[in-house]
Structures are given as C-alpha cells and as structure tokens.
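Residue-level listing of the chains:
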Amino acid sequence: MTKSWGAVIVAAGRGSRMKTSESKQFLLLQDKPIFIHTLEVFNRIPMIKDIIVVTGAPDVKRCEEWIKQSGLHDHRTFVVAGGKERQDSVYAGLQKLETDYVLIHDGVRPFVQPDHIEACMKAAEQFGAAVLAVPVKDTIKQVSTDGMITATPDRSSLWSIQTPQAFRLSDVIEAHKLAIESGFAGTDDAMLVERLGRQVKIVEGSYTNIKITTPEDLDYAAFMQKGEREQ
Ligand SMILES: Nc1ccn([C@@H]2O[C@H](COP(=O)(O)OP(=O)(O)OP(=O)(O)O)[C@@H](O)[C@H]2O)c(=O)n1
Ligand SMILES: C[C@](O)(CO)[C@H](O)COP(=O)(O)O
C-alpha cells in the first residue's frame, strides 16, 4: 500500500544572525518571500498530501495571504503558529498531520531539489528515517574554550546535515515527546530520533541546498535564483 506523506516547513525564527528588521524567511528573493520559494519546491511533489507552514503567531495572517497570492492556496497548505525554538515549531507542525510519514524542512532552504526530496522519502520508507547531507569539504577541528585544537576527527566519516529530514510520523512525535520530558534540546530532528535508538540513513544531497543564515547568504541566494531563471 502507498504510504501517505506530509511536510512541516518551519518559518517561525527571528533570523537574528541575518541582522535585518524583517525576519529572514520573509525577505524578498525575486519579488517573493524566501519561504514561498521553498513552498513552491514542495508543491511540485504530488506524493505530499498536506503541507504545514509554521510561523510566528503574529505572522500567520500575512503568510496565509502570501500563499494565496502565490497560487499555492490549495487544500494541501495550512499555516500554524510555532514556538520559541526551532524544536518547538517543528512539534507544533507535527501535531497537525495525520499522514504515515513526514518531511521536516527549514523554510530558509529554498534551493532544495525535488529529486533530492524524493530520494529522502524513498530512503525513509526503506530505513524508517533519512536526512539529506553532504560530505564535509574542510578539515574539521575540535577546539577548546581557550582556542586550542584538541582533536582532528577523521573527515571521511563527517557529513554536514541539511533538511529535509524524513521520518515515520509516529517515531518523530515519540522522539519529540521524549525530548520534552527529558528537557533535551537538539539542533535537528534526527538527533531526537537517534535518542530513541533508531537508525537514520544519510542521503547525499547538494552543496547548493544552503540554509540562508547570514547576510552573505543573501548574495549567494540572489545569484542562484538568477541562474535558475536563466535556465
Ligand atoms: N523558533 C523557531 C526558530 C527557528 N525556526 C525556523 O528554523 C529554520 C532554521 O533555523 P535558523 O536558520 O537558525 O533560523 P533563526 O532561528 O530564524 O535564525 P537565528 O538563529 O539567526 O536567529 C528557519 O527556517 C527558522 O525560521 C522556527 O520555525 N522557529
Ligand atoms: C536542522 C538544520 O538545518 C540542519 O542543518 C540545522 O541544524 C538548524 O540549526 P540552526 O542553528 O537552528 O539553524
């Protein structure tokens, strides 16, 4: 039987590292907010039944308006209010889904490729959980608080983790509940699922799937967007 899929797109952050008055997910890229570009990619995947956009409570109405203006206001997209941390926002989004599986994605990663999302879905159906990632290119050092190198981990086993991250909905909800009970804060959702003792499969993605985080990322995003238009 075909499994049902939903997606949670988190866009409730403040974007403090971007240092703009507007939250970074609402900054315009080619006349459209960044999170709308992200939504457009997910809308191209027919297997995804419901898309939950999570944003700050004061931004719910304007997000709904942007979605309507962009022609993405079909029955599949809902907007809900998130929480203080990314993890809280993801959990708020998960509550709204009733699908077998879920993709969790940062609203500020608009350059994710549909074929990579689909590869992640396929791997999650096979292994239970899967995340997009790329092998690290730099040598990574572990450094002490006084700025001295303490270790050089073997680079061949290091990957830089991206989103989407794909899970069985019941597993990731269980993982979030355990994190809440034990006061654990992770920097991604896979960490929470790993704490349940479950295996998470790495799916190789692309270095272009950046998380727009700091001002120089906007220049790169504009450059990427121009390239996509000219193709
Ligand atoms: N309370 C939060 C915090 C983050 N996010 C979302 O999680 C994604 C990745 O987080 P990050 O890039 O760290 O975003 P911010 O928290 O907004 O950035 P910063 O840490 O610079 O403030 C973003 O799409 C962001 O909107 C969220 O939905 N809810
Ligand atoms: C989930 C994530 O995008 C994977 O790279 C990342 O961990 C989010 O971290 P942030 O510091 O909250 O942006």
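- As annotated in an unreviewed UniProt entry, the protein carries the name 2-C-methyl-D-erythritol 4-phosphate cytidylyltransferase and comes from Paenibacillus gallinarum.
- Taken verbatim from the UniProt record of the protein, the Function (unreviewed entry) comment is "Catalyzes the formation of 4-diphosphocytidyl-2-C-methyl-D-erythritol from CTP and 2-C-methyl-D-erythritol 4-phosphate (MEP)."
- The record in UniProt for the protein states the following under Catalytic activity (unreviewed entry): "2-C-methyl-D-erythritol 4-phosphate + CTP + H(+) = 4-CDP-2-C-methyl-D-erythritol + diphosphate".

Things to note about the site of ligand 2
Right, so step 1: Neighbouring ligand 2 are Arg17, Arg86, Asp106, Arg109, Ile161, Thr163, Thr187, Asp188 and Lys211.
Right, so step 2: For ligand 2, an oxygen atom lies 2.7 Å from a polar atom in the backbone of Thr187.
Right, so step 3: Calculation on ligand 2 without its partners gives an accessible area of 360 Å², and the protein chains cover 73% of this total.
Right, so step 4: Residues of the shell around ligand 2, tallied by class, amount to 1 nonpolar, 2 polar and 6 charged.

Points about a nonpolar patch on the surface
Right, so step 1: Together, Trp159, Ile161 and Ile202 make up a nonpolar patch on the protein surface, roughly 220 Å² of accessible area in all.
Right, so step 2: In this structure, Trp159 sits in strand S10 (residues 159-168).

Section: the side chain of Arg109
Right, so step 1: Its place among the elements puts Arg109 in the loop between strand S6 (101-106) and helix H4 (114-127).
Right, so step 2: Reaching out from Arg109, the side chain makes a polar contact with the side chain of Thr163 at a distance of 3.4 Å.
Right, so step 3: In this view, Arg109 contacts Thr38, Ile161, Gln162, Thr163, Asn209, Ile210 and Lys211; residues no more than four positions away in its chain are not counted.

Brief notes about the nonpolar core
Right, so step 1: Counting residues in hydrophobic clusters, the biggest one holds 32 residues, and the most contacted among them are Phe35, Leu39, Phe42, Ile48, Ile67, Leu103 and Ile117.
Right, so step 2: Those elements that provide at least two residues to this core are strand S1 (5-11), helix H1 (34-43), strand S4 (48-55), helix H2 (60-69), S6, H4 and strand S7 (129-135).
Right, so step 3: If we ignore the near neighbours within four places in the chain, the residues touching Leu39 are Ile9, Ile51, Val53, Ile67, Leu72 and Thr77.
Right, so step 4: Counting residues in hydrophobic clusters, the runner-up holds 22 residues, among them Val8, Val10, Ala129 and Ala190.

A short note on the UniProt feature "site: Transition state stabilizer" (unreviewed entry) in the protein
Right, so step 1: The feature "site: Transition state stabilizer" (unreviewed entry), as annotated in UniProt, sits at Arg17 and Lys24 in this numbering.
Right, so step 2: By the secondary structure assignment, Arg17 is in the loop between S1 and strand S2 (28-29).
Right, so step 3: The exposure class of Arg17 is exposed, given its relative accessible area of 51%.
Right, so step 4: Once residues within four sequence positions are removed from consideration, Arg17 is found in contact with Lys211, Thr213, Thr214 and Pro215.
Right, so step 5: On the secondary structure map, Lys24 appears in the loop between S1 and S2.
Right, so step 6: Leave out the neighbours within four places in its chain, and Lys24 touches Arg14, Gly15, Met18, Ile34, Val108, Ile212 and Thr213.

Here we look at the pattern of salt bridges
Right, so step 1: According to the stated counting rule, one finds 12 salt bridges in the structure shown.
Right, so step 2: Here Asp189 ties to Arg86 by a salt bridge, and the two come within 3.0 Å at their closest N and O atoms. Placement of the pair is Asp189 in helix H6 (residues 189-194) and Arg86 in helix H3 (residues 86-94), with a sequence separation of 103 residues.
Right, so step 3: Using a relative accessible area of 27% as the deciding quantity, one classes Arg86 as partly exposed.
Right, so step 4: Here the salt bridges do not stand alone but share partners, grouping Arg86, Asp106, Arg109 and Asp189 into one network.

Re the site of ligand 1
Right, so step 1: Around ligand 1, the surrounding shell holds 18 residues, and the nearest of these are Gly15, Ser16, Lys24, Lys84 and Ser89.
Right, so step 2: The backbone of Gly13 places a nitrogen or oxygen atom 2.9 Å from an oxygen atom of ligand 1.
Right, so step 3: Glu85 places a polar main-chain atom, nitrogen or oxygen, 3.3 Å from a nitrogen atom of ligand 1.
Right, so step 4: When ligand 1 is considered free in solution it has 560 Å² of accessible area, and contact with the protein chains removes 89% of it.
Right, so step 5: Residue assignment for the shell around ligand 1 shows that the elements contributing at least two residues are S1 and H3.
Right, so step 6: Class assignment of the residues belonging to the shell around ligand 1 gives a composition of 4 nonpolar, 6 polar and 8 charged.

Analysis parameters
- Residues numbered from 1 in each chain as written.
- Chains lettered and ligands numbered in written order.
- Predicted model: local features only at pLDDT ≥ 70, side-chain atom pairs only at ≥ 80, totals over all residues.
- Heavy atoms only, no water.
- UniProt positions renumbered as here; feature names shortened; annotations may be inferred.
- Near = heavy atom within 4 Å.
- Polar contact = N/O pair within 3.5 Å; in protein donor to acceptor, adjacent residues only side chain to side chain.
- Areas by Shrake-Rupley, 256 points an atom, 1.4 Å probe, with all protein chains shown as cover.
- Nonpolar A, V, L, I, M, F, W, Y, C, P; charged D, E, K, R; others polar.
- Patch = residues over 30% accessible without salt bridge, like charges linked within 9 Å, V, L, I, M, F, W, Y side chains within 5 Å.
- Salt bridge = Lys/Arg side-chain N within 4 Å of Asp/Glu carboxyl O.
- Helix = DSSP H or I, 4+ residues; strand = E, 2+ residues; numbered from the N terminus.
- Contact = heavy atoms within 4.5 Å.
- Core = buried A, V, L, I, M, F, W, Y, C linked by side-chain atoms within 4.5 Å.
- Buried < 20%, exposed > 50% of the residue type's maximum accessible area, 1.4 Å probe, protein only.

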